[in-house]
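# Examining the three-dimensional arrangement
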Amino acid sequence: MRMALRLAERAGEAGEVPVGAVVVAEGRVVARAWNQVELLKDGTAHAEMIALTQAAAALGDWRLTGATLYVTKEPCAMCAGAMVNTRLSRVVFGCADPRCGCAGSVLGITDFPGMLHRVQVTGGVLGGECLERLREFFRRRRQEERGKGAGVGAAP
């Protein structure tokens, strides 16, 4: 998770929502990624999606059975669905997402009855640090937005 936090920091420095992800399989790191939605102009370029794609390429199989994905924030519906579809064994996340989390907070896509596969979920690992990284990013973003409104013709 520490590696995922460093990747999240990299995302934040690039103006991306600070989420980092790492896939471990066969006792080694096989993929690492951070959010690149803005960079790639691609709404699917979440850290988890990129890491799952990299892991499949590294392992030579789309099935990620036996692999664990570490991610700093609870996965959204798209990412949770991809974890199920790739047969990922386990996801470990930092902070929960009470608005959009789909690994148990809002929806339980990773453990939904009737799915072809269920992903084991562990949440809250370094959750405070992961949450603080997100809070600080959005705090800075709001300050920057307020600063833009203070230009010529702006209300006092």
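Before any of the text, the structure's been laid out above.
Because the structure is a prediction, the values reported are computed rather than measured.

### Looking at the packing of helix H1 (residues 2-13) against helix H5 (residues 127-148)
Look at H1 against H5: their axes get within 11 Å of each other, and the N-to-C directions meet at 5°. Relative to H5, H1 is oriented roughly parallel. Judged by residue contacts, Arg2, Leu5, Arg6, Ala8, Glu9 and Gly12 of H1 engage Glu129, Cys130, Arg133 and Phe137 from H5. When grouped by side-chain class, the residues that make up the contact of H1 with H5 number four nonpolar, one polar and five charged.

### Quick look at the packing of aromatic side chains
Taken as a whole and judged by the stated rule, the model has one aromatic pair. Measuring from ring centre to ring centre gives 5.0 Å for Phe137 and Phe138, while their planes differ by 85°; the resulting arrangement is edge-to-face. For Phe137, a relative accessible area of 6% translates into the label buried. By relative accessible area, Phe138 is classed as partly exposed at 30%.

### Brief notes about helix H4 (residues 77-85)
Taken together, the buried positions of H4 are occupied by Cys79, Ala80, Gly81, Ala82, Met83 and Val84. Buried residues in H4 make contact with helix H3 (47-59), strand E3 (68-73) and strand E4 (90-95). Where H4 terminates, the next one or two residues include Arg87, which has phi positive at roughly 65°.

### What about the nonpolar core?
Grouped together as the largest cluster of nonpolar side chains are 41 residues, with contacts concentrated most on Val23, Leu69, Met83 and Leu88. Those elements that place two or more of their residues in this core are H1, strand E1 (20-25), strand E2 (28-34), H3, E3, H4, E4 and H5. Among residues more than four places away in sequence, those in contact with Leu69 are Ala21, Val22, Val23, Glu48, Ala51, Leu52, Met83, Leu88, Arg90, Val91 and Val92.

How each quantity is defined
- Residues numbered from 1 in each chain as written.
- Predicted model: local features only at pLDDT ≥ 70, side-chain atom pairs only at ≥ 80, totals over all residues.
- Heavy atoms only, no water.
- Axes fitted to C-alpha atoms, helices over the stretch in contact; angles between N-to-C directions.
- Helix = DSSP H or I, 4+ residues; strand = E, 2+ residues; numbered from the N terminus.
- Parallel < 35°, antiparallel > 145°, perpendicular 65-115°, else oblique.
- Contact = heavy atoms within 4.5 Å.
- Nonpolar A, V, L, I, M, F, W, Y, C, P; charged D, E, K, R; others polar.
- Phe/Tyr/Trp six-rings, centres within 6.5 Å; stacked < 30°, edge-to-face > 60°.
- Buried < 20%, exposed > 50% of the residue type's maximum accessible area, 1.4 Å probe, protein only.
- Core = buried A, V, L, I, M, F, W, Y, C linked by side-chain atoms within 4.5 Å.

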